[in-house]
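Structural characterization, general
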Amino acid sequence: MKILIALMAAVALSQAEKLRYDNHTLYRIVPRTAKMFEALKTMEEQAFASGYTFFSEVGSVNVPVDILVPPKQAEEFKRVTEHPDIESTLLNENIQEAIDNEGFRPESRAGGFGWTNYHTLDEINDWLKDLAFNYDDKVQLLVGGTTSQGRDILGVKIHIPSNEPKKAVFIEANIHAREWVTSATATYILNELLVSQDWEVRQLVELYDWYIFPVTNPDGFVHSHNSNRMWRKTRTRYSTLCFGADPNRNWPYQWMQGGASNQPCSDTYAGPNALSEACTDSLSQFIDSIGDDLIAYISFHSYSQMLLLPYGHTTSHLSNYKEMYDIGVQAVRELEAKYGTRYVVGNIAETIYVATGGSMDWVKHKFGTPIAYTYELRDTGTNGFLLPANQIIPTADETLISIKSIFRQYRERHSDP
Ligand SMILES: *[C@@H]1O[C@H](CO)[C@@H](O)[C@H](O)[C@H]1NC(C)=O
Ligand SMILES: [Zn+2]
């Protein structure tokens, strides 16, 4: 009884501390002139003070920006949207409702791990540990790094014993805390690699070593569960009010060369220096230790339905862009064939906006990894980060279809696996 009361008190406390988004409204706006673009840029810079949350960045003229507007700014924002040089669409009238409808049902957790629900960090980590126990002949539990709050970045390596050394595939997810469907997709694919009867999946797990890290920003992920569903960054304390750097603007290649902020309150704060964050610093050391073995680095983000190629600092088509573009186009064609989900393919800077200090760019540049993709998973904004849990399986399923396609095409083009 005592335990139950303590438990209820703890639950009540965590509920009370949870930030609510009642009547917060999501808009998509498109600046049609340079002047409007500049005005939006200023708004973005002052977002923390005014209470706006930018779900995407102000890239350039004619590029849409998704902005979450708190009720206290509703009047001011309405005036902005009435400007003739701005196009605006209401995406969601009340984000709290979308949060409530996301389908996260704690009561069903007792039923075990699955993909009809989103999971907490503890549940994901327990599941990884179970895998290492249940498949001890091929799954090894790994600590890929640690965080500023002392959490481990847990992952697994799948290795089917063989006489030949194998190339490795690295899957990184949930480096942005609020992008929950990314870890759900990573765990789904991990599970498929172990249980699927599909010959092509079996072949993939035989051919390569797989390193899969479902939650690479554990502190931020826990914060997005317990306190603020819209949290993106790490949780390093940078000032009285401002926490966290953007762990995907923090890697030491082209760091702070555009599309990143030097303001600690900004959602795209690059950190005081490259690898300032414990999670990126430690994970980079882990990747360093296997970097030369990598044939592929795949990073999962949401949302937008895009398959992105390096690099984020330039629209130039560097390295093996052409081949990876062609492979990507065919891969998203196969992805679309399953459920009709449409993807756009291109390099980061030309497809979304200039963004620097991302993990994929660092890996590609440092190790010359031939296959390097960043997915922006479902959807295109209707639910955004709050993708209902009943879309996890189709999202992960179509993503796996595209991954099979990528490796199939790559092997057709290169005799050596
Ligand atoms: C949200 O807006 C509705 C309609 O204006 C209002 O009745 C309700 O009290 C608001 N909710 C909160 C929590 O502010
Ligand atoms: Zn992201």
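No experiment lies behind these values; they were computed from the predicted model shown.

**Thoughts on unusual backbone geometry**
At the junction of S302 and Y303, the peptide bond is cis and its omega measures out at 0 degrees in the coordinates. Within the secondary structure, Y303 sits in the loop between β9 (294-302) and β10 (306-309). Of note, the bond from R378 into D379 is cis; its omega dihedral lies within 30 degrees of zero at -5 degrees. Along the chain, D379 falls in the loop between β12 (371-377) and α14 (392-413). Its identity is not glycine, yet N62 carries a phi of approximately 75 degrees, on the positive side. Note on placement: N62 falls in the loop between β2 (53-54) and β3 (65-69). Phi is positive for N174, which is not a glycine, with a value near 50 degrees. If you trace the backbone, N174 turns up in the loop between β7 (168-173) and α7 (180-195).

**Quick notes on the domain arrangement of the chain**
Taken as a whole, the chain is organised into domain 1 (21-100) and domain 2 (113-413). Averaged C-alpha coordinates put domain 1 and domain 2 at centres separated by 27 Å. Taken residue by residue, the interface counts 18 residues in domain 1 and 20 residues in domain 2. Taken as a group, F48, F55 and E57 account for 44% of the area that domain 1 buries against domain 2, more than any other trio of residues on that side. Summed over the shared surface of domain 1 and domain 2, the number is two salt bridges.

**Examining the environment of K72**
Among the structural elements, K72 can be located in the loop between β3 and α4 (74-81). Taking the C-alpha atoms as reference, K72 lies 9.1 Å from H24; in sequence the two are 48 residues apart. Non-local contacts of K72, meaning those with residues more than four positions away in its chain, are made with A49, S50 and G51. Of note is the side chain of K72, whose polar atom sits 2.9 Å from the backbone oxygen of S50.

**Thoughts on the coordination of the zinc ion (ligand 2)**
Taken together, H176 (ND1), E179 (OE), E179 (OE) and H301 (ND1) make up the protein donors of the zinc ion (ligand 2), found 2.1 to 2.4 Å from the metal. Coordination geometry of the zinc ion (ligand 2): the four donor atoms subtend angles of 57 to 146 degrees at the metal centre, consistent with an arrangement described as irregular. Written as a sequence motif, the donor residues of the zinc ion (ligand 2) are H-x2-E-x121-H. With E179 in the loop between β7 and α7 and H301 in strand β9, this pair connects stretches of sequence that are 122 residues apart. Each member of the pair, E179 as well as H301, carries the same accessibility label: buried.

**Overview of the pairing of β9**
Looking along a regular strand, one sees side chains alternate from face to face of the sheet. Taking burial as the measure, the nine residues of β9 include nine buried ones, the bulk of the element. With six bridges connecting them, β7 and β9 associate as parallel partners. The residue bridging E172 from the neighbouring strand is S299, located in β9. When β9 meets β12, the two strands line up parallel, connected through seven bridges. The residue of β12 that forms the bridge with S302 is L377.

**Details of the packing of helix α8 (residues 199-207) against α14**
Two elements in contact, α8 and α14, have axes whose closest approach is 11 Å; the angle formed by their N-to-C orientations is 60 degrees. With respect to each other, α8 and α14 are oriented oblique. Judged by the sense of rotation from one axis to the other, the crossing of α8 with α14 is left-handed. Where α8 abuts α14, its residues E200, V201, Q203, L204 and L207 lie against L400, K404, F407, R408 and R411. The residue makeup of the contact of α8 with α14, split by class, is five nonpolar, one polar and four charged.

**Digging into the state of the cysteines**
Here is the idea: a disulfide is a covalent bond, and it sits between the sulfur atoms of two cysteines. According to the stated counting rule, one finds one disulfide in the structure shown. The partner cysteine of C242 in its disulfide is C265, sulfur to sulfur 1.8 Å. The sign of the S-S torsion, about 70 degrees, decides the handedness of the disulfide formed by C242 and C265: right-handed. On the criterion of sequence distance, the pair formed by C242 in the loop between α9 (218-226) and α10 (278-290) and C265 in the loop between α9 and α10 is long-range, its members being 23 residues apart. A disulfide-free cysteine, C279 has its sulfur positioned 18 Å from the sulfur of C242, the nearest such atom.

Rules used throughout
- Think of each chain on its own: its residues are numbered from 1, step by step along the sequence as written.
- Each chain is given a letter, starting from A, and each ligand a number, starting from 1, according to the order in which they appear as written.
- Residues qualify for local features only when their pLDDT is at least 70, as the model is predicted, and side-chain atom pairs are given and counted only at 80 or more; totals for whole chains, interfaces and linings, by contrast, use all residues.
- By convention in this description, side-chain values take in all heavy atoms of the structure and omit both hydrogens and water.
- To qualify as a helix, a DSSP run of H or I must reach at least 4 residues; to qualify as a strand, a run of E must reach at least 2; elements of each kind are numbered from the N terminus.
- Domain start and stop points were drawn from an automatic or database domain assignment.
- We call two residues in contact whenever any of their non-hydrogen atoms come within 4.5 Å of each other.
- In short, buried area is how much 1.4 Å probe accessible area vanishes from two parts on joining, totalled over both.
- Definition used for salt bridges: Asp or Glu carboxyl oxygen within 4 Å of a side-chain nitrogen of Lys or Arg.
- We define a polar contact as two N or O atoms separated by no more than 3.5 Å, with the added condition that, inside protein, one atom must be a possible hydrogen donor and the other a possible acceptor, whereas residues neighbouring each other in sequence contribute only through side-chain atom pairs.
- The donor set covers N, O and S atoms within 2.8 Å of the metal, switching to 3.2 Å for Na, K and Ca, and it leaves out water, so a site may look short of donors.
- Metal sites are grouped by the angles between bound donors: all angles between 85 and 135 degrees with four donors is tetrahedral, opposite donors over 155 degrees apart with the others between 65 and 115 is square planar for four donors and octahedral for six, and any other pattern is irregular.
- Note on classification: 1.4 Å probe, protein chains only; a residue is buried when its accessible area is under 20% of the maximum for its type, exposed when over 50%, partly exposed between these limits.
- Each pair of strands is called paired provided DSSP finds at least two bridges between the two strands.
- Here the axes come from fitting lines to C-alpha atoms, over the contacting stretch only for helices, and the angles between their N-to-C directions go from 0 to 180 degrees.
- For classification purposes, an angle smaller than 35 degrees is called roughly parallel, one larger than 145 roughly antiparallel, one from 65 to 115 roughly perpendicular, and anything else oblique.
- The sense of a crossing depends on the near helix, which, turned anticlockwise from the far helix by less than a right angle, makes the crossing left-handed and, turned clockwise, makes it right-handed.
- Under the scheme applied here, ten amino acids are nonpolar (Ala, Val, Leu, Ile, Met, Phe, Trp, Tyr, Cys and Pro), four are charged (Asp, Glu, Lys and Arg), and all others, including Gly, are polar.
- Disulfide: a pair of cysteine sulfur atoms within 2.5 Å of each other.

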